[in-house]
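# Coordinate inspection notes
Here are the chains, one letter per residue:
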Amino acid sequence: GDPKKAAEKRAAAVAAHEASLRLEPNQVTELNAAAEMILANAADVAGLPRALSYLDRVVELKPEFSKAFNNRSVALMRLGLDARQLAQPNIRPIS
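In this report, we go over the structure that sits alongside the text. (Residues numbered from 1 in each chain as written. Predicted model: local features only at pLDDT ≥ 70, side-chain atom pairs only at ≥ 80, totals over all residues. Heavy atoms only, no water.)

### Observations concerning the overall build of the protein chain
- From N to C terminus, the protein chain includes 5 helices and 0 strands.
- Along the protein chain, helices and strands appear, N-terminal first, in the series α-α-α-α-α.
- Looking at the protein chain as a whole, 32% of its 95 residues qualify as buried.
- In the protein chain, the share of contacts with a sequence separation of at least 24, taken over all contacts with a separation of at least 6, comes to 44%.
- Summed over its atoms, the accessible surface of the protein chain is roughly 5,900 Å², and 57% of this surface lies on carbon and sulfur atoms. (Helix = DSSP H or I, 4+ residues; strand = E, 2+ residues; numbered from the N terminus. Buried < 20%, exposed > 50% of the residue type's maximum accessible area, 1.4 Å probe, protein only. Contact = heavy atoms within 4.5 Å. Areas by Shrake-Rupley, 256 points an atom, 1.4 Å probe, with all protein chains shown as cover.)

Following this line, the structure appears as structure tokens:
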């Protein structure tokens, strides 16, 4: 398919998930889905910290939601960080 159209569809999906989150910010499935859509767009490097914050919120709200841990690992890899670095308080994701 057309990569530009696919990116536009992912951006629209992220916007829809974020609209839902404005109404109810603690929906773990919406938080995870928004993060997945951001992660699916390899060109959206600027969105990675936002995706990571959504996934951190999922883990906080529902630690048994294993898919969020996997997606969080993907976000960290894309940011060039790993869990050991984030455990150190003076190292944060690049924004």
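Still to come is the rest of the account.
### Details of the packing of helix α1 (residues 3–23) against helix α2 (residues 28–40)
- Contact pair α1 / α2: the axes reach a minimum separation of 9 Å and the direction vectors enclose 160 degrees. Here α1 lies roughly antiparallel to α2, going by the angle between them. α1 and α2 meet at a crossing whose hand is left-handed. Across the interface between the two elements, Arg-10, Ala-13, Val-14, His-17, Ser-20 and Leu-21 from α1 touch Glu-30, Leu-31, Ala-33, Ala-34, Met-37, Ile-38 and Ala-40 from α2.
- Among the residues making up the contact of α1 with α2, the classes are represented as 9 nonpolar, 2 polar and 2 charged. (Axes fitted to C-alpha atoms, helices over the stretch in contact; angles between N-to-C directions. Parallel < 35°, antiparallel > 145°, perpendicular 65-115°, else oblique. Left-handed = near helix turned anticlockwise from the far one by under 90°. Nonpolar A, V, L, I, M, F, W, Y, C, P; charged D, E, K, R; others polar.)

### Points about the side chain of Glu-18
- Within the secondary structure, Glu-18 sits in helix α1.
- For Glu-18, a relative accessible area of 16% translates into the label buried.
- When residues no more than four places from it in sequence are discounted, the contact partners of Glu-18 are Arg-50 and Tyr-54.

### Concerning the nonpolar core
- Judged by nonpolar contacts, the single largest core of 20 residues is most densely connected at Leu-39, Tyr-54, Leu-55, Val-58 and Ala-68.
- Of all the elements in the fold, those that place two or more residues in this core are α1, α2, α3 (48–61) and α4 (66–79).
- Residue contributions to this core peak at 7 residues, all from α3.
- Those residues in contact with Tyr-54 that sit more than four places away from it in its chain are Glu-18, Leu-31, Ala-34, Ala-35 and Ile-38. (Core = buried A, V, L, I, M, F, W, Y, C linked by side-chain atoms within 4.5 Å.)

### Digging into the packing of α2 against α4
- Two numbers describe how α2 lies on α4: the axes approach to 10 Å, and their chain directions differ by 35 degrees. The element α2 and its partner α4 pack so that their crossing is left-handed. Between α2 and α4, the residues in contact are Asn-32, Glu-36 and Leu-39 and Lys-67, Ala-68, Asn-71, Val-74, Ala-75 and Arg-78, respectively.
- In the contact of α2 with α4, the residues fall into 4 nonpolar, 2 polar and 3 charged.

### Quick look at α2
- Along its 13 residues, α2 runs 18 Å from first to last C-alpha, staying within 8% of the 18 Å computed at 1.5 Å per residue.
- Taken as a whole, α2 has its buried residues at Val-28, Glu-30, Leu-31, Asn-32, Ala-33, Ala-34, Ala-35, Ile-38 and Leu-39.
- The inward-facing, buried residues of α2 abut α1, α3 and α4. (Expected span 1.5 Å × (residues − 1).)

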